[in-house]
Amino acid sequence: MRPDHALTIIGGGLAGALLATLLARRGWSVDVFERRGDPRVEGYAGGRSINLALAERGLHALRLAGADGAVLRQAVMMRGRYVHPLQGTPGLQRYGRDDSEVIWSINRGELNLVLLTIAESHGARLHFDHALERVDFDAHSASFRHHAEAVSHPFRALIGADGAGSTLRAEMAKVRPLGERTDWLDHGYKELEIPPAADGGFRIEPNALHIWPRGHYMCIALPNDERTFTVTLFLPHRGAHPSFETVQTGDDALALFREQFPDALPLIPQLRCDYETNPVGHLGTLRLDRWHLDDRAVLLGDAAHAMVPFHGQGMNCAFEDCVALADHLQRAPTLGEAFAAFEAERKPNAAAIQQMALENYIEMRDRVDDADYLLQRALELALQDRHPGRFVPHYAMVTFMRIPYALALHRSEVQRGLLQAATRGIATLAQVDWAALDAAVEAQLPPLDAVA
Ligand code: FAD
Ligand code: 8R5
């Protein structure tokens, strides 16, 4: 094996394990160093079952790695948003046109396990209980904490898949500043659980992502295959009630749910205990000017561009990064050129999904039960039928297609302008000026197959 064909991945989380498979299958010699122990031996630390929404971008990457079958077997289909208004009737708003346009709720621990197993079966060497501590880029040597010992390993190049708190990123920045900044969101989150019903089934509609929109804050719930739901309460950290400052104890949480989430309260028997035990999670957007250090190191996934969760695209984007990096490594004549081309392709797209993720918080918490919004949503669907391949709803471009995120953002902005103009001052679709709107769509939105 030429040393040029050896790569060392830091982090055996979601992106690290997938990338290891993609590279090993193409003949690269791959080592993965992961801080935690082997989940196949030790089980998943934490114990709580945490689920993620998998969409087309992530699923496509899993297909390329041959992991889609094993992952989908344990997944729960989510057809749309099931919106629970404070007053009024709860109901499903479909994400797509039919069951070919859905997202999937998958268990993080199971997913990671499947990916690590596949990576190993293709020859990737997995080194668990190895936490990266220091890198000597000149000597091409990385040092790790392995149990209580310090151990060193030589490397040709390092790939940082070590998540939002990346140690590799910190080590790279000591050699050359990366222009790192993080915008923390002034909202955080707390996880709660809906257990199975007495008969062992799901307590609420299983095939949906549930949302309780409440204007400045919200709750969501994703189904797990063991018939539970993971509920996430998003609130401002500080300020007027309700915030994590005003809702501190389990009793405070009970009072909040009694008032604001009365239909969810009876579903969460351990609310007080969960609320007091589970920590408040922090959310932010991480941006860097540079993702690579010549031909010696490159970052991807959360290590390069952590984002807020509101589009459910952090993992999907990280998986898309893996496919792009594996392709550039295959095509480019040198590692340095591959890393530079990868960064040039992915940085604008990561910035676009980071922005769309921030915007989707407002949509989820405040707009989904609003009459203007529902009219615009109905118009989006009508325009999709009238202009197939040309007018594609925002959510569908992000979730069901693989066009670059930056293109999805640009077209969504054009479309939002059209939707707002066409629905101004009207109450039903019957009042739309279709001739003018059709002409504007044709003028402003070239067919997607011509631009993507
Ligand atoms: P990670 O998956 O975080 O993996 C990093 C790995 O590196 C870990 O295994 C860690 O142990 C290891 N590591 C860290 N430091 C070191 C070190 N010094 N040495 C060695 N190893 C190290 N995304 C979606 O697309 N859809 C969702 O619905 C969704 N829901 C989410 C829910 C929650 C509660 C959270 C927290 C995130 C969610 N995300 C979701 C985002 C998604 O989890 C991340 O974007 C994704 O995991 C990024 O993958 P990664 O491999 O870059 O990082
Ligand atoms: N991540 C998600 C969506 C979009 C849903 C929609 C939103 C929890 C910490 Cl907040 C959120 C989405 O627009 O109707 N798809 O997938 C996942 C989300 O949150 C995850 C579970 C989460 C980080 C806590």
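Here, every reference points to the structure presented above.
The shown structure was predicted, so the numbers you read here are calculated from the model rather than taken from an experiment.

**Student:** Which residues make up the overall build of the protein, and what values go with them?
**Tutor:** Of regular secondary structure, the protein possesses 16 helices and 19 strands. Taking 452 residues into account, the globule formula puts the C-alpha radius of gyration at 22 Å, and the protein, at 23 Å, falls close to it. Seen along its three principal axes, the alpha-carbon backbone of the protein occupies a region of about 70 × 55 × 40 Å. Look at the contacts in the protein between residues 6 or more apart in sequence, and 70% of them connect residues 24 or more apart. Split by element, the accessible area of the protein, about 19100 Å² in all, is 51% carbon and sulfur. In the protein, the 45 positive side-chain charges and the 58 negative ones have mean positions that sit 2 Å from each other.

**Student:** Would you mind going over the site of ligand 2 in detail, with residue names and values included?
**Tutor:** For ligand 2, the set of nearby residues contains 16 residues, the closest of which are A53, R81, Y95, P309 and N360. Interatomic distance of 2.5 Å between a side-chain N/O atom of R81 and an oxygen atom of ligand 2. Here ligand 2, which alone exposes 550 Å², has 89% of that area covered by the protein. For the shell around ligand 2, the secondary-structure elements that each account for two or more residues are β14 (209-213), β16 (229-236) and α11 (335-367). Looking at the shell around ligand 2 residue by residue, the class counts come to 11 nonpolar, four polar and one charged.

**Student:** Just give me the short version of the site of ligand 1, but keep the residues and values in it.
**Tutor:** What surrounds ligand 1 is a group of 29 residues, the closest being E34, R36, A53, R108 and D302. The contact in question runs from an oxygen atom of ligand 1 to an N or O atom on the backbone of G312, over 3.0 Å. Protein burial of ligand 1: of its 1000 Å² of free accessible surface, 84% is covered by the chains. Every element with two or more residues in the shell around ligand 1 is listed here: α1 (14-25), β3 (51-54), β9 (130-136), β13 (181-194) and α10 (314-331). Within the shell around ligand 1, the residues separate by chemical class into 11 nonpolar, 11 polar and seven charged.

**Student:** Before we move on, could you go through the sheet that holds strand β19 (residues 297-299) and cite the residues and values that matter?
**Tutor:** Hydrogen bonding along the main chain pairs the strands of a sheet, whether they run parallel or antiparallel. Strands sit in the order β8-β2-β1-β12-β19-β18 across an open sheet of six strands; the sheet is mixed. At either end of the open sheet lies a strand with only one pairing partner, and these are β8 (125-127) and β18 (292-293). Bridge count for strand β12 (residues 158-160) against β19 is three bridges, and the pairing is parallel. Bridged to L158 within β19 is A297.

**Student:** Quick rundown of the sheet that holds strand β15 (residues 218-223)? Include the residues and the values.
**Tutor:** Taken in spatial order, the seven strands line up as β6-β5-β14-β15-β16-β13-β17 in an open sheet, and their pairing is mixed. Strands with a single pairing partner mark the edges of an open sheet, and in this sheet they are β6 (91-94) and β17 (281-287). The average undirected angle you get between the axes of adjacent strands in this sheet is 30°. Sheet strands in contact with α11 are β5 (80-83), β13, β14, β15, β16 and β17, and its direction is about 145° off that of β17.

**Student:** Go over a negative patch on the surface with me, naming the residues and quoting the values.
**Tutor:** A cluster of like negative charges, contributed by E110, E193, D225 and E226, occupies part of the molecular surface. Its location among the elements puts E226 in the loop between β15 and β16.

**Student:** How would you explain the packing of α10 against α11 if you had to name every residue and give the values?
**Tutor:** Packed helices, taken two at a time, are described by their axes: the angle between them and the distance between them. Between α10 and α11, whose axes approach to 9 Å, the crossing angle comes to 155°. Considering the angle they form, α10 stands roughly antiparallel to α11. Here the hand of the crossing between α10 and α11 comes out right-handed. Contacts from C317, E320, D321, A324, L325, H328 and L329 of α10 reach α11 at L335, A338, F339, A341, F342, E345, R346 and I353. Residue composition of the contact of α10 with α11, grouped by class: 10 nonpolar, one polar and four charged.

**Student:** Could you give me a rundown of helix α15 (residues 434-444), with the residues and numbers involved?
**Tutor:** For α15, the complete set of buried residues consists of L437, D438, A440 and V441. The arc that holds every buried residue of α15, seen down its axis, measures 160°, which confines them to one face. Of the exposed residues in α15, the ones pointing more than 90 degrees away from its buried face are A435 and A443. Contacts made by the buried residues of α15 are with α12 (371-386) and α14 (405-423).

**Student:** Pulling in residues and values, what's your account of the pairing of β5?
**Tutor:** Examined bridge by bridge, β5 and β6 share four bridges and lie antiparallel to one another. Paired with R81 across the two strands is Q93, which belongs to β6. Pairing between β5 and β14: three bridges, direction parallel. Paired with R81 across the strands is L209, a residue of β14.

**Student:** Now, about unusual backbone geometry: what can you tell me, with residues and values included?
**Tutor:** Between H241 and P242 the backbone carries a cis peptide bond, its omega angle lying at -5°. By secondary structure assignment, the location of P242 is in the loop between β16 and α7 (250-260). For R227, which is not glycine, the phi torsion reads 70° and is therefore positive. For R227, the location among the structural elements is in the loop between β15 and β16.

About the thresholds
- Residues numbered from 1 in each chain as written.
- Chains lettered and ligands numbered in written order.
- Predicted model: local features only at pLDDT ≥ 70, side-chain atom pairs only at ≥ 80, totals over all residues.
- Heavy atoms only, no water.
- Helix = DSSP H or I, 4+ residues; strand = E, 2+ residues; numbered from the N terminus.
- Rg over C-alpha atoms; globule rule 2.2 N^0.38 Å.
- Contact = heavy atoms within 4.5 Å.
- Areas by Shrake-Rupley, 256 points an atom, 1.4 Å probe, with all protein chains shown as cover.
- Lys, Arg positive; Asp, Glu negative; His and termini not counted.
- Charge placed at Lys NZ, Arg CZ, Asp CG, Glu CD.
- Near = heavy atom within 4 Å.
- Polar contact = N/O pair within 3.5 Å; in protein donor to acceptor, adjacent residues only side chain to side chain.
- Nonpolar A, V, L, I, M, F, W, Y, C, P; charged D, E, K, R; others polar.
- Pairing = 2+ DSSP bridges.
- Axes fitted to C-alpha atoms, helices over the stretch in contact; angles between N-to-C directions.
- Patch = residues over 30% accessible without salt bridge, like charges linked within 9 Å, V, L, I, M, F, W, Y side chains within 5 Å.
- Salt bridge = Lys/Arg side-chain N within 4 Å of Asp/Glu carboxyl O.
- Parallel < 35°, antiparallel > 145°, perpendicular 65-115°, else oblique.
- Left-handed = near helix turned anticlockwise from the far one by under 90°.
- Buried < 20%, exposed > 50% of the residue type's maximum accessible area, 1.4 Å probe, protein only.
- Arc of directions from axis to C-beta.

Taken by themselves, the reported measurements are silent on function.
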